[in-house]
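What the coordinates show
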Amino acid sequence: MKRPSFAEVKAASLRAIDSVLPHWLPEGKWVDAGHEYSAPNPTRSDKKAGSFKINRHTGHWSDFATGDKGGDLIDLVAYVERCSVEEACTRLAEFLSLSTAPAPAPQKPAPQNTWQPITPIPDEVMSYCPSKHPKHGAPSKLWIYRNTQGQPLMVLYRFDLAEAKVFAPLTWCQSIGTERHQWQWKGLPEPRPLLNLDRIAQQPDAVIVLCEGEKAADAAQELFPHAVATCWLNGSKSWAKADFSPLQGREVWLWPDNDASGQSCMGQITLQLEPLGAKVRQIAMAPFEHDSPWPEGADAADALAQGWTAERLSTLAQSGALFQATPSPAQPKPKPTANPTTKACPPKAKAPRAKKPESLPGGFRVTHEGVFRLNEEGEPIPVCSKLDILARTRDHKGGNWGVLVEFDDPDGTRKRLNIPASAMAGEFGKEVVVPLVNMGLRLAPTRTGRNARNDLQGYLQSYDSAERARLVTRLGWHEQAYLVPDQIFGQTREHLHFYEAGSALPPFEQAGSLEDWQQQVGALCIGNNRLAFAVSLAFAGPLLHLIGAESGGFHFYGNSSTGKSTAGRVACSVYGPPAFEKSWRSTDNALESIAAAHSDGLLVLDEIGQCDPRIIGETVYMLGNGIGKARANDRGQSGKPTQEWRLLFLSSGEKTLAQHMAEASRELKAGMEVRLLAIPAEAQKGHGLFDTLHGFTEGAALADALKARVARYYGTPLIAYLSALCDPLKMLAYQSILKETVEQFVHRNLPAHASGQAKRAAARFGLVYAAGELATGLGITGWPHGTALQAAQVCFGAWLADRGGAGNQEEEAILSRLRLVIERHGESRFTRWEQEIPKVDDHAPRTIDRLGFRRTQEDGLGSDRHTHVTYYFLPTAWKDEVFKGMNLKEVNRALVERGILEPSTDGKAAHSIRLPGMPKVRAYVVNAGALMGS
């Protein structure tokens, strides 16, 4: 006779649920119109039905008070009877009078494994690594397992779900018998590698700290910063599947979890390591029980959360108090003697774990169905849809505390929000509930709004955990990690969360593959110097931090429909969709938040003509200086922290910055000009901004094609670029190469006597060149080598020619100011100074609003006769009108050096002289011939 299978017993018990449940739970009753069976939990001291319920249609059961749950009636019987699932299946089969005679089960053919992992994973495909699991969503943490050369072998994702933590390995695989390659959610074959093999190989003299899991290894690394922390895959039950040979001859400290399983597996590992010549020491649990009871299952992560520090553990290690006297390998236990007449009995109770809290007032449970408050009887009262609290948050100064929450909106889109503690203590409905509801959180529909809000407030305020996240007000670099929305590149000690109430996150999104972008967008930049320059500029933003370069921008200007806006959108495609582009039509306050959100990256601003010409100069200063305004509150005290950023920005418009400011009678200062370098958009090839059309009929057709393509393919270049750039093993080398490349560009493209302003500008062009060539070398642009160099040289040459050379622009401004005064007012505002005796003519026009005197002298005879004109400027007019707003010392120095201003014999810039009709005064003597001929 055939023995009934689990599936058969499960189905039969569900059909007979009306007799099964009263048999095992006789004090229960059907509720909710017969859809659920509610009964006291026999494993607890329940006096009446409440939180323990079973679904009639599925057999799913759960106790909201304890979190215990199961998927069918076999699990329920095992739970109630405290027996194994196999024994529960047998008891149900006997109760239902199903045949239990043993019969050999037919062997199903093993499923064929059609995908084979490829190791190491090619660098170019790591940029395509999925950011989410198809079932579990975004991971709470991931680890990259690498070989000894640092090449990736596998990615391990961790998901902290409401019901349990789940791990999912991801490998790059090839379909057996075909050339197909793709990511597969599967692990590596045995023997499996250890975590951090690259660091183990790079630090041959470092101590190895071996833990049972990745999270524990991360914590151990922080607690033992001079060691290398590692672990094997899949915890204590899979140690035999790991390859421990890289630990040969090393000093290894074993840190087991505080449970029998951890002690047992570490004992077995000790037996594995000793033949390899490893010096093994096991960390004892006793030191951790000194301050408070050490919970069962506690590991390195718990030690870090409870305040243990590297200094304290180092002291214990040096004294030897941290370790057991000798490792304690587990001894095999004798197998119990089988007794066929003895019925299966409940297993012996395990060592007691920390007692779970009872269903006290204010207790909460979170399931996939939502957040529930448990009343005094343990009954779940719905509060809202599922809302996970991820961590406590605070800024880098330890202030602005709050909680970071995560939930799905009705469309299934994952949302995150930081809720400040001050908001929870203030107007909770307005400051907390309204933003959550607007983002898609659903309050319980069966309760009054006030009660649901009160319960939600209690849920958030009762959160207490060691999990921490740091609030940051800008994206980009934070120590060795680069932050973009929903992703961190590089190494960071804790989770980073971007938080700025006044700004929206830029759309760092991806569409298409990197190869699509290279073929459809990048290929059209080859031979088009201004397009290639714009794309290289996009890659230059993340390099500012690495080489300590200053913020700054470039401005393409020229007639309408030359392709200026197209270049900006092509640059945006490195980061995201066309919506990544911003407009100059913003207040300077709004631009502060926008700049902080684009820090260490690219900011594209279209049409400078939309910005108020009265403030555009100060706005350029602000963007280039990388810091916003300091603001006071209503009490005159310092308000919210001043925002800071580092970025490169690309502007466009029909006019230059100087022309735009002139509309509001504002004067361009040299500092503004060097912060926003103006490049003529016209390439002088008859196609507007383009040098070559790549087969298109005209420049407009190429521009339209690019605009259409950047709307379909975007974002993947940045992901690949940051993945390579944030490699800690190569970051120092990148820094050295980049600095040298920038210096060479400046040296080769400027004369030695060039002004400091020209050198600053050339360094920025050089950084763009270095970034483009670096991205090309990393296989991201798809360009031939030298494309970025040619683009930078062409654009720099255009800027230099438009500027008028490599001289000091401030000195040119001084000369222009003085020439303009004399050209406009040389006759009307300067009194003629006659030689010898002044001639008095009452009918001659009088000088109104005088600036000084003009003296004309003639030398020579006949054809060699020359006229020399000298202007004598009165000191007040010189300072307060002619050179108002300028540094007078710098003005005088520049004019004296050029032979325009004649200094006095006492070394001062102004002469002491008696002017016609005036007492002896100081006057500035200007040689008009030297001025006009300079």
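Computed from a predicted model, the values in this text were never measured in an experiment. (Residues numbered from 1 in each chain as written. Predicted model: local features only at pLDDT ≥ 70, side-chain atom pairs only at ≥ 80, totals over all residues. Heavy atoms only, no water.)

**A look at the overall build of the protein**
For the protein, the helix and strand inventory stands at 30 helices and 36 strands. In the protein, which comprises 934 residues, the proportion classed as buried is 47%. Within the protein, contacts between residues at least 6 apart in sequence are counted, and of these 64% link residues at least 24 apart. Counting every atom, the protein has about 47,000 Å² of accessible surface; 50% of that belongs to carbon and sulfur. (Helix = DSSP H or I, 4+ residues; strand = E, 2+ residues; numbered from the N terminus. Buried < 20%, exposed > 50% of the residue type's maximum accessible area, 1.4 Å probe, protein only. Contact = heavy atoms within 4.5 Å. Areas by Shrake-Rupley, 256 points an atom, 1.4 Å probe, with all protein chains shown as cover.)

**Notes on the sheet that holds strand β11 (residues 208-211)**
As summarised here, the arrangement of the four strands in space is β12-β11-β13-β14, forming an open sheet in which the pairing is parallel. Edge positions in the sheet fall to β12 (228-231) and β14 (279-282), since each of these pairs with one other strand and no more. Adjacent strand axes in the sheet meet at a mean angle of 25 degrees, parallel and antiparallel pairs treated alike. Bridge count between β11 and strand β13 (residues 251-254): three bridges; the pairing is parallel. Along β13, the bridge assignment pairs leucine 210 with leucine 254. (Pairing = 2+ DSSP bridges. Axes fitted to C-alpha atoms, helices over the stretch in contact; angles between N-to-C directions.)

**Re the pattern of salt bridges**
In total, this model carries 24 salt bridges according to the counting rule given. Note that aspartate 600 and arginine 646 form a salt bridge whose closest N and O atoms lie 2.8 Å from each other. Of this pair, aspartate 600 sits in the loop between α18 (588-597) and β28 (601-606) while arginine 646 sits in the loop between α19 (616-625) and β29 (647-653), and the two are 46 residues apart along the sequence. One salt bridge in this structure joins arginine 854 and glutamate 827, with 3.5 Å as the shortest N-O distance. You can see arginine 854 sitting in strand β32 (residues 852-859) and its partner glutamate 827 sitting in the loop between α27 (809-825) and β31 (830-833), a full 27 residues away along the chain. A residue is classified by how much of its surface remains accessible, and arginine 854, at 9% relative accessible area, is buried. One network of salt bridges, in which partners are shared, links Glu406, Asp408, Arg414 and Arg416. (Salt bridge = Lys/Arg side-chain N within 4 Å of Asp/Glu carboxyl O.)

**Focus: helix α12 (residues 428-439)**
With 12 residues, α12 ought to run about 16 Å at 1.5 Å a step, and its terminal C-alpha atoms sit 16 Å apart, in line with that. A positive phi of about 120 degrees marks glycine 440, the residue just after α12. (Expected span 1.5 Å × (residues − 1).)

**Describing the pairing of strand β33 (residues 866-873)**
As paired strands, β32 and β33 are joined by eight bridges and run antiparallel to one another. The partner of aspartate 859 across the bridge, within β33, is histidine 866. Both β33 and strand β36 (residues 920-927) contribute to a ladder of four bridges, which runs antiparallel. Across the sheet, residue phenylalanine 873 finds its bridge partner in β36, namely tyrosine 924.

**Some remarks on the packing of aromatic side chains**
Here the distance between the centres and the angle between the planes together describe a pair of aromatic rings. Across all of its chains, the model carries 35 aromatic pairs by this definition. Seen in terms of ring centroids, phenylalanine 288 and tryptophan 294 are 4.9 Å apart; in terms of plane orientation they differ by 20 degrees. Their pairing is stacked. Given a relative accessible area of 1%, phenylalanine 288 falls into the buried group. Through a chain of ring-to-ring contacts, three or more aromatic side chains come together here, namely Phe224, Trp253, Trp255, Phe288, Trp294, Trp308 and Phe323. Here arginine 312 stacks its cationic end above the ring of tryptophan 308, 3.8 Å away from the centre of that ring. Directly above the aromatic system of phenylalanine 554 lies the positively charged group of arginine 764, at a separation of 5.9 Å from the ring centroid. (Phe/Tyr/Trp six-rings, centres within 6.5 Å; stacked < 30°, edge-to-face > 60°. Lys NZ or Arg CZ within 6 Å of the ring centre and 35° of its normal.)

**As for the sheet that holds strand β23 (residues 481-484)**
Spatially, three strands are ordered β22-β23-β24 in an open sheet, and the strand pairing comes out antiparallel. The sheet is open, and its two edges are formed by β22 (476-478) and β24 (487-490), each paired on a single side. On average, each strand axis in the sheet is tilted by 30 degrees relative to the strand beside it, whichever way the strands run. Note: β23 against β24, four bridges, orientation antiparallel. Bridge pairing in β24 links valine 484 to glutamine 487. With respect to the sheet, helix α23 (residues 716-725) is in contact with β22, β23 and β24, its orientation differing from that of β24 by roughly 40 degrees.

**With respect to the side chain of glutamine 643**
Take glutamine 643: it is sitting in the loop between α19 and β29. Separated by 3.3 Å, the side chains of glutamine 643 and serine 593 make a polar contact. (Polar contact = N/O pair within 3.5 Å; in protein donor to acceptor, adjacent residues only side chain to side chain.)

**Observations regarding unusual backbone geometry**
Geometrically, the link from threonine 119 to proline 120 is a cis peptide bond, its omega value of -5 degrees lying close to zero. Mapping proline 120 onto the fold places it in the loop between β6 (115-117) and α5 (123-126). Here the residue pair glutamate 190 and proline 191 is connected by a cis peptide bond, since its omega of -10 degrees sits within 30 degrees of zero. Turning to its location among the elements, proline 191 is positioned in the loop between β10 (181-184) and α6 (197-202). Phi at glutamate 607 is positive, roughly 60 degrees, even though this residue is not glycine. Exposure remark for glutamate 607: the relative accessible area of 24% places this residue in the partly exposed category.

**Focus on the packing of helix α1 (residues 6-15) against helix α4 (residues 85-95)**
Between two packed helices, the angle of one axis relative to the other and the distance separating the axes together describe the packing. Relative to each other, α1 and α4 sit at 50 degrees, their axes nearing to 10 Å. Considered as vectors, α1 and α4 are oriented oblique to each other. Where α1 crosses over α4, the two elements pack in a sense that is left-handed. Between α1 and α4, the residues in contact are Phe6, Val9 and Ser13 and Val85, Glu86, Cys89, Leu92 and Ala93, respectively. (Parallel < 35°, antiparallel > 145°, perpendicular 65-115°, else oblique. Left-handed = near helix turned anticlockwise from the far one by under 90°.)

**Points about the side chain of arginine 819**
Tracing the backbone through its elements, the reader meets arginine 819 in helix α27. Residue classification places arginine 819 among the buried positions, given a relative accessible area of 17%. Engagement of the side chain of arginine 819 in a polar contact is seen with the backbone oxygen of leucine 931, the distance being 3.4 Å.

**Side note on the environment of valine 882**
Mapping valine 882 onto the fold places it in helix α28 (residues 875-882). For valine 882, a relative accessible area of 1% corresponds to the buried category. Put simply, valine 882 and leucine 851 are 31 residues apart on the chain and 8.8 Å apart in space, counted from C-alpha to C-alpha. In contact with valine 882, other than residues within four places in its own chain, are Arg817, Leu818, Val821, Phe873 and Ala877.

**Observations concerning the nonpolar core**
Core analysis: the biggest nonpolar cluster contains 89 residues, and Phe533, Leu543, Phe554, Leu650, Ile679, Tyr721 and Phe765 have the highest contact counts within it. In terms of residues, this core owes the most to one element, helix α25 (residues 756-777), which gives 11 residues. For leucine 650, the residues in contact, after removing those within four places along its chain, are Ala534, Leu537, Phe554, Phe556, Ala567, Gly568, Ala571, Leu602, Leu603, Val604 and Leu605. (Core = buried A, V, L, I, M, F, W, Y, C linked by side-chain atoms within 4.5 Å.)

**Observations regarding the environment of valine 535**
As for its position among the elements, valine 535 is in helix α15 (residues 529-540). The contacts of valine 535, once residues within four sequence positions are left out, are Trp517, Cys525, Val570, Val574 and Trp783.

**A few points about the confidence of the model for the protein**
With 88% of its residues at a pLDDT of at least 70, the protein reaches an overall mean of 83. The low-confidence segment residues 100-106, where pLDDT is below 50, has 11 contacts with residues more than four positions distant or belonging to other chains. Across residues 327-361 the pLDDT falls below 50, and counting only partners more than four positions away or on other chains, this stretch makes 32 contacts in the model. (pLDDT = per-residue confidence, 0-100.)

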